[in-house]
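# A structural walkthrough
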Amino acid sequence: MCRVHGVARGSAYLVVAFAHQLDFHAPFLELPPASELAASYGAPCGPSNWRCFVDTMLEVTIPGLERHGLAAHDAWLEALQQRLHGA
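Now for a look at the structure at hand. (Residues numbered from 1 in each chain as written. Predicted model: local features only at pLDDT ≥ 70, side-chain atom pairs only at ≥ 80, totals over all residues. Heavy atoms only, no water.)

Our focus in this paragraph is the pattern of salt bridges. In the structure shown here, the tally under the stated rule is 2 salt bridges. Among the salt bridges present, the one from Arg 51 reaches Asp 55, with a minimum N-O distance of 2.8 Å. Of the two residues, Arg 51 and Asp 55 are both situated in helix α3 (residues 46–67); the distance of 4 residues between them amounts to about one turn of the helix. When its relative accessible area of 44% is taken as the criterion, Arg 51 is described as partly exposed. (Salt bridge = Lys/Arg side-chain N within 4 Å of Asp/Glu carboxyl O. Helix = DSSP H or I, 4+ residues; strand = E, 2+ residues; numbered from the N terminus. Buried < 20%, exposed > 50% of the residue type's maximum accessible area, 1.4 Å probe, protein only.)

What follows is about the environment of Val 16. Structurally, Val 16 is set in helix α1 (residues 3–25). Its relative accessible area of 54% is what places Val 16 among the exposed residues. Separated by 66 residues in sequence, Val 16 and Gln 82 have C-alpha atoms that sit 9.9 Å apart.

Attention shifts here to the packing of aromatic side chains. According to the stated counting rule, one finds 4 aromatic pairs in the structure shown. Seen from their ring centres, Phe 18 and Trp 76 are 5.9 Å apart, and the 75° between their planes marks the pair as edge-to-face. Taken as a pair, Phe 18 in helix α1 and Trp 76 in helix α4 (residues 72–85) lie far apart in primary sequence, 58 residues in all. For Phe 18, a relative accessible area of 4% puts it in the buried group. The exposure class assigned to Trp 76 is buried, which follows from its relative accessible area of 4%. Here the aromatic residues Phe 18, Trp 50, Phe 53 and Trp 76 are joined through ring pairs into a cluster of three or more. (Phe/Tyr/Trp six-rings, centres within 6.5 Å; stacked < 30°, edge-to-face > 60°.)

Spanning 22 residues, α3 covers 31 Å between terminal C-alpha atoms, matching the ideal 32 Å at 1.5 Å per step. If you check which residues of α3 are buried, you get Gly 46, Trp 50, Phe 53, Val 54, Met 57, Ile 62 and Gly 64. Positive backbone phi, at 90°, marks Gly 69, one or two positions downstream of α3. (Expected span 1.5 Å × (residues − 1).)

Okay, here's the thing in structure tokens:
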């Protein structure tokens, strides 16, 4: 397979991979913030867990994949649209 086809297939797969990650992390939005004691034991802290996930995607994962020629930003936007519109 030539590199162009591999990049296109990889970029298309990212929509599915990002949608999966959104489905996994979205329920954290419904959790209340963890107490200081609970957080000290490693309990997820609802909204801050979501914020950490989104920040990591936007600041690390997507730019890194883009540097390798994958259309990660477009895939992220498509996965968000699918999540918002229930596709």
